[in-house]
Amino acid sequence: VDTDDDEWLEMPVPEWSLEDILRADQIVQKLLNVYGWAASPEMQTWTPLLAEIGMRINATALQALNEEIQGAIEVKRAQTIYDPSGRSSFVFLLSSTRFPVLEILRNKEQDLVDQCKGREGSRREKELANLRGEIMERESAIQVGLASSVAKLRRVIDDGLRIVTELDTIM
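Analysis parameters
- Residues numbered from 1 in each chain as written.
- Predicted model: local features only at pLDDT ≥ 70, side-chain atom pairs only at ≥ 80, totals over all residues.
- Heavy atoms only, no water.
- Helix = DSSP H or I, 4+ residues; strand = E, 2+ residues; numbered from the N terminus.
- Rg over C-alpha atoms; globule rule 2.2 N^0.38 Å.
- Contact = heavy atoms within 4.5 Å.
- Areas by Shrake-Rupley, 256 points an atom, 1.4 Å probe, with all protein chains shown as cover.
- Lys, Arg positive; Asp, Glu negative; His and termini not counted.
- Charge placed at Lys NZ, Arg CZ, Asp CG, Glu CD.
- Axes fitted to C-alpha atoms, helices over the stretch in contact; angles between N-to-C directions.
- Parallel < 35°, antiparallel > 145°, perpendicular 65-115°, else oblique.
- Left-handed = near helix turned anticlockwise from the far one by under 90°.
- Nonpolar A, V, L, I, M, F, W, Y, C, P; charged D, E, K, R; others polar.
- Patch = residues over 30% accessible without salt bridge, like charges linked within 9 Å, V, L, I, M, F, W, Y side chains within 5 Å.
- Salt bridge = Lys/Arg side-chain N within 4 Å of Asp/Glu carboxyl O.
- Buried < 20%, exposed > 50% of the residue type's maximum accessible area, 1.4 Å probe, protein only.

A. How the structure looks around the overall build of the chain. When helices and strands are counted, the chain shows 7 helices and 2 strands. In sequence order, the secondary structure elements of the chain are arranged as α-α-α-α-β-β-α-α-α. Here the C-alpha radius of gyration of the chain, 21 Å, is well above what a compact globule of 171 residues would show, namely 16 Å. In the chain, once contacts between residues fewer than 6 apart in sequence are set aside, the share between residues at least 24 apart is 61%. Summed over its atoms, the accessible surface of the chain is roughly 10,900 Å², and 52% of this surface lies on carbon and sulfur atoms. Between the centroid of the 20 positive side chains of the chain and the centroid of its 30 negative side chains there is a distance of 9 Å.

Below you can see the structure in the form of structure tokens.
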């Protein structure tokens, strides 16, 4: 059984969005949950053939990837022209918790934005533009690094998805 759910795995790394990395995070966690289910004593005892299929998931490689990407992407509400309340609009952001340098830079950016509203505004605008450029560079480097880590394990993830599909077909 083949699905379209894994087409994103074949995209070139520079084309990966934060949403794709979040998708990988969720899929890796799901694959690890299936492996844990298959490794449980109950499954080993009562349905050893199903457990054997689930145990084919490469949990060692996926666990290492999970530690790297888990929680790296946050989904936050966003105010837009079409949704000024921010109730229906969301954005994907790199986690300031996982990447403290981003929190420092974002706080500095907010301080400069506040200063630009005052009388020193024109002097600070160039500094703000430079800082935003630095933030974009850092975010891009982190995003490419995360996407590269996932891409290195494309085959492992794809194999895991096939195993889950096989289990789903049997059950």
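B. Quick peek at the packing of helix α1 (residues 18–39) against helix α7 (residues 154–170). Following both chains from N to C, one finds α1 and α7 inclined at 55 degrees, their axes separated by 10 Å at the closest point. In terms of their interaxial angle, α1 and α7 are classed as oblique. Two packed elements cross with a definite hand, and for α1 against α7 that hand is left-handed. Across the interface between the two elements, Ile27, Val28, Leu31, Val34 and Trp37 from α1 touch Ile157, Gly160, Leu161, Val164 and Leu167 from α7. Looking at the contact of α1 with α7, its residues break down into 9 nonpolar, 1 polar and no charged.

C. Highlighting the environment of Ala72. Among the secondary structure elements, Ala72 is positioned in the loop between α4 (59–69) and β1 (73–77). The spacing of Ala72 and Arg162 is 90 residues in sequence and 25 Å in space, taken between C-alpha atoms.

D. A nonpolar patch on the surface, seen in detail. A surface patch of nonpolar side chains, amounting to about 260 Å² of accessible area, comprises Val75, Phe90 and Phe92. On the basis of relative accessible area, Phe90 is assigned to the partly exposed category, the value being 45%.

E. The environment of Ala24, seen in detail. Mapped onto the elements of the fold, Ala24 is located in helix α1. Ala24 sits 123 residues away from Ala147 along the chain, and the two C-alpha atoms are 9.1 Å apart. Contact partners of Ala24, with chain neighbours within four places excluded, come to Trp8, Ile69 and Val150.

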